[in-house]
Amino acid sequence: VLGLQVVDFRPIRVAKFLNGTPLEPYSDLIVSISDKYEIDYRLIPAIAMKETGAGRVAPVESYNAWGFENGRTRFESWEQAIESVAKTLKTRYVAKGMDTPDKMMPVYAPPAMENGGGWARVINGYLAQMESAETNL
């Protein structure tokens, strides 16, 4: 059909989810980097929201919204952080069959295993929230 334009709603969903957070301006990048590493585009924003409110309470100038090394990891920028996090999720988790929050939790957030698996429940809730986000233009 002439004039038909395909719109990728994923960056819009991510931006709505990250609204008002330090990571919101990086919604397009999050989706493109997730595609590059063939991971679910919702994982990076969901984990960031759970760990630091998507960067709101990350250690100052660490750009570590994902709680890497209990917050000790420092990145040079949000762009570098997003790239590194995506690569880590792919190589240390998804490539080893840990492709859902429930499968990731024993390695990513081991203490959550002892308190009933709340980490995975929260992440799964965020994934569902992004998937069902209204994307009216």
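Basis of the calculations
Residues numbered from 1 in each chain as written. Predicted model: local features only at pLDDT ≥ 70, side-chain atom pairs only at ≥ 80, totals over all residues. Heavy atoms only, no water. Helix = DSSP H or I, 4+ residues; strand = E, 2+ residues; numbered from the N terminus. Buried < 20%, exposed > 50% of the residue type's maximum accessible area, 1.4 Å probe, protein only. Phe/Tyr/Trp six-rings, centres within 6.5 Å; stacked < 30°, edge-to-face > 60°. Axes fitted to C-alpha atoms, helices over the stretch in contact; angles between N-to-C directions. Parallel < 35°, antiparallel > 145°, perpendicular 65-115°, else oblique. Left-handed = near helix turned anticlockwise from the far one by under 90°. Contact = heavy atoms within 4.5 Å. Polar contact = N/O pair within 3.5 Å; in protein donor to acceptor, adjacent residues only side chain to side chain. Core = buried A, V, L, I, M, F, W, Y, C linked by side-chain atoms within 4.5 Å.

Trainee: Break down unusual backbone geometry for me, citing the residues and quoting the values.
Mentor: A positive phi angle, near 55°, is found at Glu38, a position not held by glycine. The topology assignment puts Glu38 in the loop between helix H2 (27–36) and helix H3 (43–52). Phi is positive for Asn70, which is not a glycine, with a value near 50°. Counting through the fold element by element, Asn70 comes out in the loop between H3 and helix H4 (78–93). Residue class for Asn70 comes out exposed when judged on its relative accessible area of 72%.

Trainee: Got a sec to walk through the packing of aromatic side chains? Specific residues and values, please.
Mentor: A complete count under the given rule lists seven aromatic pairs for this structure. With centroids separated by 5.2 Å and ring planes inclined at 65°, the aromatic side chains of Phe17 and Tyr126 adopt a geometry described as edge-to-face. One end of the pair, Phe17, is in helix H1 (residues 10–17); the other, Tyr126, is in helix H7 (residues 118–131), with 109 residues separating them in the sequence. Taking relative accessible area as the criterion, Phe17 reaches 10% and is therefore assigned buried.

Trainee: Mind laying out the packing of H3 against H7, listing which residues take part and the relevant values?
Mentor: The interhelical angle for the contact between H3 and H7, taken along N-to-C directions, is 130°, at an axis separation of 9 Å. Put simply, H3 runs oblique to H7. Crossing geometry of H3 relative to H7 is assigned as right-handed. Where H3 approaches H7, its residues Leu43, Pro45, Ala46, Ile47, Met49, Lys50 and Glu51 are matched on the opposing element by Trp119, Val122, Ile123, Tyr126, Leu127 and Met130.

Trainee: Lay out the side chain of Thr73 with the relevant residues and their values.
Mentor: Along the chain, Thr73 turns up in the loop between H3 and H4. At 2.6 Å, the side chain of Thr73 forms a polar contact with the side chain of Glu69.

Trainee: For the nonpolar core, give the residues involved together with the corresponding values.
Mentor: Buried together is how nonpolar side chains tend to be arranged in soluble globular proteins. Among the nonpolar cores identified, the biggest contains 41 residues, and Leu23, Ile44, Trp66, Leu89, Tyr108 and Trp119 are the most heavily contacted of them. Taken together, the elements giving at least two residues each to this core come down to H1, H2, H3, H4, helix H5 (101–108) and H7. Top contributing element to this core by residue count: H4, with seven residues. Discounting chain neighbours no more than four positions away, the residues touching Leu23 are Leu18, Ile30, Ala48, Ala54, Ala65, Trp66, Trp78 and Ile82.

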